[in-house]
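# Structural description and commentary
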Amino acid sequence: MLAQVEPIVTPEIAWTGLVPLIILGGGAVLILTVWSLAGRYLPSWSSSAVAAAIALGGTAGSIHLWLRVTDDDRGPFGVAANALGVDGFSVLLTMLISVATALCAVLAMAYLEREKLDRPEYPVLLLLSASGGVVMAMANDLIVLFVGLEILSISVYVLAAFHARREQSQEAGMKYFVLGAFSSAFFLYGIALTYGATGSTNLIDIREYLAAVVLVDDALLLAGFAFLLVGLGFKVSAVPFHAWTPDVYQGAPSPVVAFMASAVKVAGFAALLRVFVLTFDQYADDWQPIVYAIAVATLLLGAILATVQTDVKRMLAYSSISHAGFMLVGVEAASAQGTEAVVFYLIAYSFLVIGSFAVVGIVSGEGDSHTSVSDFAGLSRRRPWLAFLFTVLLLAQAGVPLTTGFFAKFLTITAAVDERSWALAIVAMISAVIAAFLYLRIMVSMWLADVDTERSAALPIPVTTGVVLVLTVAFTMVFGIWPEPIVDLARDAVPALIRG
Amino acid sequence: MIVTTSWYLILAALIFAIGAVGLLVRRNPLVMFMCVELMLNAVSLTFVAFARDLDDIGGQVSVFFVLVVAAAEVVVGLAIIVAVMRRRPGATADDLSVLRG
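Since this is a predicted model, take the numbers as computed values, not measurements. (Residues numbered from 1 in each chain as written. Chains lettered and ligands numbered in written order. Predicted model: local features only at pLDDT ≥ 70, side-chain atom pairs only at ≥ 80, totals over all residues.)

With that settled, consider the overall build of chain A. If you tally the helices and strands in chain A, you get 19 helices and two strands. Since a compact globule built from 500 residues should have a radius of gyration of about 23 Å, the 22 Å found for chain A is in line with a globular shape. Seen through its principal axes, chain A has C-alpha atoms that stretch 80 × 60 × 45 Å. By residue count, 63% of the 500 residues in chain A fall in the buried class. Partitioning the contacts of chain A with sequence separation of at least 6, the portion at a separation of at least 24 is 81%. (Helix = DSSP H or I, 4+ residues; strand = E, 2+ residues; numbered from the N terminus. Rg over C-alpha atoms; globule rule 2.2 N^0.38 Å. Buried ≥ 20, exposed ≤ 12 C-beta atoms within 10 Å, placed from the backbone. Contact = placed C-beta atoms within 7 Å.)

The following block contains the structure:
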């Protein structure tokens, strides 16, 4: 059956659309090369500093794309035979991932020096992982999405186990790897079933096919939905796929956790929104009830289990689960408003969580082991400003007005109410109240408990970590009082499935 | 007897289920790791079966991506397992229980 040989047609590639990816990926290769050849002549913190600069370069490289896609005359476009889509949604989340990566790279500078781990592998893996996240945010094809997911995840598996001398870090890496690989296999099976049902892995083709054809037997497609949802649910740590989150957050190095809770979550929700809300919108009636149930379970379980923890890193892990529940409320709305709310939430939460883990990284001390609530006791007397900044971040996570956290929760609940999901909105508010207890517990320990005399003396705050902390708190407060710029950005970040 | 596409799909589903159940019940990290590979290969079989059924090259191309990703995962996974085993020879998944709460 040897047919005539057809010449392989390679697609035109609009390289401008790939600039942020090239900066992040190329930057990682550059650091790896320079520091393997000349690393011993350079100060140990320099590789992380350069990584932060490269990540900021990725943000700067996205600005011209943002101007292009939000311009009415030009608008969004597809790259590489529509395997990647450059639209407001993907560009804004690319910028967010890059900024989060830059902040996490700065956090790593002091951490790696303190733990004597300062090797160039760390910033290299961080940048590679960020490039995977950007691929996920842009992916217009399920296979490309899978490749992005793996680039993102495989780097983070190593980062989670990066503190090779700590048993906890190794265990975190091992657990994250096994469960991550497990969920990737589910995600991939979902892709295969969707491909079987629709005949394509390209999201544009799938959407057009589903709009044009009424499937007589949609069992294959629905099974595909279920498996895709399991895979992405693991990545955003939604209940019942959350089991890895507390262990990995507790064991992994604090700057890595900051990255996992910000950039990795952003990429996961980018994929959820693009695949489910945008591509499978014809079948919203089929997947919405499942997301509804997952959102309720995630909101309640995250908030309730958080209150019984004694380790601050575990508490913040459960709180990140409950935040994921809020974002799922926005996904469940399956509307433009819901997408806007999730994008706003991702922006607000990324800064909050990076700041929070910066504080945890400082308090945990050498060896990264002092993370129980009692280690925070009397922080207000040891380091009043640190306690104050952490309090602002915790109040913002609880959703107190005049912080970005308030508007994030407000927008998701509004989106749910507008789609008449009253019960879900009420569950979300109840969960916020339960979670507030958890943040209060940490605050009470910081401000009211007695000083731990043994460690009361030494608690050095590195300048770099302090800068990140001040930046995140400033962002939270300024845009908590004046949220319009961020709301406008989120509104302009419209996802689109457009050819060419 | 004609072997249709659905036979391959059912076989793939069975292999996938064996891998998934194996990962959950086995305690040896290496065996767990092999179960992940089993799951990925089951998906590859599904892709090829659908590609044949739909007469579309896309599914076969996908398998190459899966193979490359699986190879990368093997490298990282084995490295983490070796790092854990160095500290605690003969460790099983049950021994990794420092983190709890």
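Turning our attention to the interface of chain B and chain A. Every contact between the two is made by 30 residues of chain B and, on the other side, 37 residues of chain A. Elements supplying a minimum of two residues to the side of chain B that touches chain A: α1 (5-25), α2 (29-54) and α3 (58-87) of chain B. For the side of chain B that touches chain A, the element with the highest residue contribution is α3 of chain B, accounting for 14 residues. Residue classes in the side of chain B that touches chain A are distributed as 21 nonpolar, six polar and three charged. (Nonpolar A, V, L, I, M, F, W, Y, C, P; charged D, E, K, R; others polar.)

What follows concerns the nonpolar core. One finds Phe 344 of chain A together with Val 43 of chain B to be the most contacted residues of the largest nonpolar core, which totals 227 residues. The element contributing the most residues to this core is helix α3 (residues 88-114) of chain A, with 20 residues. Those residues in contact with Phe 344 of chain A that lie beyond four places of it in its chain are Phe 407, Ala 408, Leu 411, Ile 486, Val 487 and Ala 490 of chain A. (Core = buried A, V, L, I, M, F, W, Y, C linked by C-beta atoms within 7 Å.)

With that out of the way, let us pick up the packing of helix α5 (residues 142-160) of chain A against α3 of chain B. When two helices pack together, their arrangement is captured by the angle between the axes and the distance separating the axes. It is the contact of α5 of chain A with α3 of chain B, at a shortest axis distance of 10 Å, that shows an interaxial angle of 5 degrees. Relative to α3 of chain B, the element α5 of chain A lies roughly parallel. Two secondary-structure elements touch here, α5 of chain A through Ile 143, Val 147, Glu 150, Ile 154, Tyr 157 and Val 158 of chain A and α3 of chain B through Ser 62, Phe 65, Val 69, Ala 72, Glu 73, Val 76 and Ile 80 of chain B. Residues of the contact of α5 of chain A with α3 of chain B, tallied by class, amount to ten nonpolar, one polar and two charged. (Axes fitted to C-alpha atoms, helices over the stretch in contact; angles between N-to-C directions. Parallel < 35°, antiparallel > 145°, perpendicular 65-115°, else oblique.)

Residue and element names in this part refer to chain B. In this structure, Asn 28 sits in the loop between α1 and α2. Classification of Asn 28 by C-beta neighbours within 10 Å gives partly exposed; the count is 13. Between the C-alpha atoms of Asn 28 and Arg 52, which are 24 residues apart in sequence, the distance is 37 Å.

With that settled, consider the confidence of the model for chain B. Of the residues in chain B, 98% reach a pLDDT of 70 or more, and the chain-wide mean stands at 88. Prediction confidence for the complex, expressed as pTM and ipTM, is 0.94 and 0.94 respectively. (pLDDT = per-residue confidence, 0-100.)

This part covers unusual backbone geometry. All names here are of chain A. At the junction of Val 239 and Pro 240, the peptide bond is cis and its omega measures out at 5 degrees in the coordinates. Note that Pro 240 resides in the loop between α8 (219-235) and α9 (244-251). Look at Lys 116: it is not a glycine, yet its phi comes out positive at around 55 degrees. In this structure, Leu 402 takes a positive phi of about 70 degrees despite not being glycine. When you line up the elements, Leu 402 lands in the loop between α15 (384-398) and α16 (404-418). For Leu 402, a count of 14 C-beta atoms within 10 Å puts it in the partly exposed group.

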